[in-house]
Amino acid sequence: MTARAVFALEEGPVRRPIRMWDGDVSVLAWETAGAKAPAVHFAHANGFNALAYRTLFDELSIFMRVYASDLRGHGQSPWAGDAVHTMELLASDVAAVIRTLSEDGQADVCGLSMGGYVALALMAESRALVRSLVLCNTKATADGPEAKAARDGAINTVLDQGRRAIAAAMLPKLLAPQDRKSTRLNSSHSSVSRMPSSA
């Protein structure tokens, strides 16, 4: 590993609040690559936050300016009070992040699962901000009745049993048994458990 890589990893991210008309969106920013480096923005999956992919971002930040928003109602971005946070609303937040933090007003955008829905909405609404698009484990069609019922079930689990219950229920779906006891995983589990509960 080069001296620059070690510096980037030790430096780590900083939190940057981006002001929206109805509150702040919290963004993790890795900017050690310098102002001239291209920007990349990651949109996380439902129930996660920007820290979920930190290992990837630490490495990528050697070459790029890396930004990852906590989407509204996730991580350190509070629920904004709307009855529904549409993908278009979340995409407008990501657009504001790119306009504010990207040196050239563009970013390579990566969306995972629900973050993919957000990235597609961003492409539809603000195409000029997206230099390239990466979609991971997502789709371009609306959820069917089964997926909607599963989401309603997850909401009820959180309301009845708290956030820890949903975090515990997600683990077997996400990780192999030998990986479920790692320190990094426990940290991620803890961050899901601390997510805002207001809705």
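Residues numbered from 1 in each chain as written. Predicted model: local features only at pLDDT ≥ 70, side-chain atom pairs only at ≥ 80, totals over all residues. Heavy atoms only, no water.

Student: For the packing of aromatic side chains, give the residues involved together with the corresponding values.
Tutor: One pass over the structure, following the stated rule, counts 3 aromatic pairs. The interplanar angle of 50° and the centroid separation of 4.5 Å between the aromatic rings of Phe42 and Phe57 together place this pair among those described as tilted. Residue Phe42 is found in strand 3 (residues 39-43), and its partner Phe57 is found in helix 2 (residues 54-60); the two are separated by 15 residues along the sequence. Each member of the pair Phe42 and Phe57 is classed as buried. Among the aromatic residues, those joined into a cluster by ring pairs are Trp30, Phe42, Tyr53 and Phe57. (Phe/Tyr/Trp six-rings, centres within 6.5 Å; stacked < 30°, edge-to-face > 60°. Helix = DSSP H or I, 4+ residues; strand = E, 2+ residues; numbered from the N terminus. Buried < 20%, exposed > 50% of the residue type's maximum accessible area, 1.4 Å probe, protein only.)

Student: So what's going on with the packing of helix 5 (residues 145-161) against helix 6 (residues 163-174)? Which residues, and what values?
Tutor: Contact pair helix 5 / helix 6: the axes reach a minimum separation of 6 Å and the direction vectors enclose 135°. Considering the angle they form, helix 5 stands oblique to helix 6. Counted together, Ala154, Thr157, Val158 and Gln161 of helix 5 and Arg163, Ala165 and Ile166 of helix 6 form the full contact between these two elements. Across the contact of helix 5 with helix 6, the residue classes break down as 4 nonpolar, 2 polar and 1 charged. (Axes fitted to C-alpha atoms, helices over the stretch in contact; angles between N-to-C directions. Parallel < 35°, antiparallel > 145°, perpendicular 65-115°, else oblique. Contact = heavy atoms within 4.5 Å. Nonpolar A, V, L, I, M, F, W, Y, C, P; charged D, E, K, R; others polar.)

Student: Could you give an account of unusual backbone geometry, with specific residues and numbers?
Tutor: Of note, Ser113 is a non-glycine position whose phi angle comes to about 55°, a positive value. Within the secondary structure, Ser113 sits in the loop between strand 5 (107-112) and helix 4 (114-125).

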